[in-house]
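Residues per chain are reported as follows:
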Amino acid sequence: MIIKDLSSLEKDFCRQATENTQALKVRSMDIDMTYSLFIYYFEDYIHLSLSRYDDKDIKMDLWHELQNIGMIYPDVALNNVDDAWINEEQQQFHAKLNYEDVETWIRKED
């Protein structure tokens with residue numbers, strides 16, 4: 001599984017998404033040139049939104065594959081899940097990850 005951080009290439013989108021969602025930060029990723037992954041950093045949790053580029057159904061199996069990686073960044077631990085669900089209407093997978101100090105982590109990066 002190849003995961004690319006596209007945040008610098010899509011910085012205008014990430015900035016606008018940050019403002020629109022009131023997140024502290026938004027990252028954009030590509031997975032295997034098949035899926036888009038958006039990571040929304042909120043004050044006390046991280047929200048993941050995963051969708052396919054094509055119109056095929058998204059399956060929970062993909063989430064299990066991602067979880068086998070364990071971590072995308074030191075702050076995105078895929079095994080520290082509070083909730084996970086599929087929005088079948090929009091064909092998006094969502095997960096809420098526990099993270100206690102998002103704001104401190106973001107300041108370290110900047």
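For the structure, check the block above.
As the structure is a computational prediction, the values presented were derived from the model and not from experiment. (Residues numbered from 1 in each chain as written. Predicted model: local features only at pLDDT ≥ 70, side-chain atom pairs only at ≥ 80, totals over all residues. Heavy atoms only, no water.)

*Asks:* When you look at helix 2 (residues 60–69) in this model, what are you seeing that I'm missing?
*Replies:* Quick reminder: α-helices carry 3.6 residues per turn. Residues three or four places apart thus point the same way. For helix 2, the complete set of buried residues consists of L62, W63 and L66. Each buried residue of helix 2 lies within a common arc of 100° when the element is viewed along its axis, so the set occupies one face. Seen from the buried face of helix 2, the exposed residues on the opposite side, beyond 90 degrees, are D61 and N68. Where helix 2 is buried, its residues contact strand 1 (3–5), strand 2 (25–31), strand 3 (35–41), strand 4 (45–52), strand 5 (81–87) and strand 6 (92–98). G70 sits one or two positions beyond helix 2 and adopts a positive phi of about 95°. (Buried < 20%, exposed > 50% of the residue type's maximum accessible area, 1.4 Å probe, protein only. Helix = DSSP H or I, 4+ residues; strand = E, 2+ residues; numbered from the N terminus. Arc of directions from axis to C-beta. Contact = heavy atoms within 4.5 Å.)

*Asks:* Honestly, the packing of aromatic side chains in this entry has me stumped. Any pointers?
*Replies:* How two aromatic rings sit relative to each other is given by the distance of their centres and the angle of their planes. Under the defined criterion, the tally for this structure stands at three aromatic pairs. With a centroid separation of 5.2 Å and 50° between ring planes, the pair formed by F13 and F38 is classed as tilted. On the criterion of sequence distance, the pair formed by F13 in helix 1 (residues 11–21) and F38 in strand 3 is long-range, its members being 25 residues apart. Above the plane of the ring of Y45 lies K96, whose end atom (NZ or CZ) is 4.7 Å from the centre. (Phe/Tyr/Trp six-rings, centres within 6.5 Å; stacked < 30°, edge-to-face > 60°. Lys NZ or Arg CZ within 6 Å of the ring centre and 35° of its normal.)

*Asks:* Got a minute to help me understand unusual backbone geometry in this structure?
*Replies:* Leave glycine aside and you will find that most residues have negative phi; peptide bonds, for their part, are mostly trans. Non-glycine residue D32 carries a positive phi angle of around 55°. Within the secondary structure layout, D32 lies in the loop between strand 2 and strand 3. The phi torsion at M33 lies on the positive side, around 55°, for a residue other than glycine. For M33, a relative accessible area of 67% translates into the label exposed.

*Asks:* Explain the pattern of salt bridges here, please?
*Replies:* Two side chains with opposite charge may pair up if their charged atoms get near one another. Considering all chains together, one arrives at four salt bridges under this definition. Linking D5 and R27 is a salt bridge whose minimum nitrogen-to-oxygen distance equals 3.9 Å. You can see D5 sitting in strand 1 and its partner R27 sitting in strand 2, a full 22 residues away along the chain. D54 is the partner of R52 in a salt bridge, and the nearest nitrogen-oxygen pair spans 2.7 Å. For R52, a relative accessible area of 18% puts it in the buried group. (Salt bridge = Lys/Arg side-chain N within 4 Å of Asp/Glu carboxyl O.)

By themselves, these are just geometric observations and shouldn't be taken as functional.
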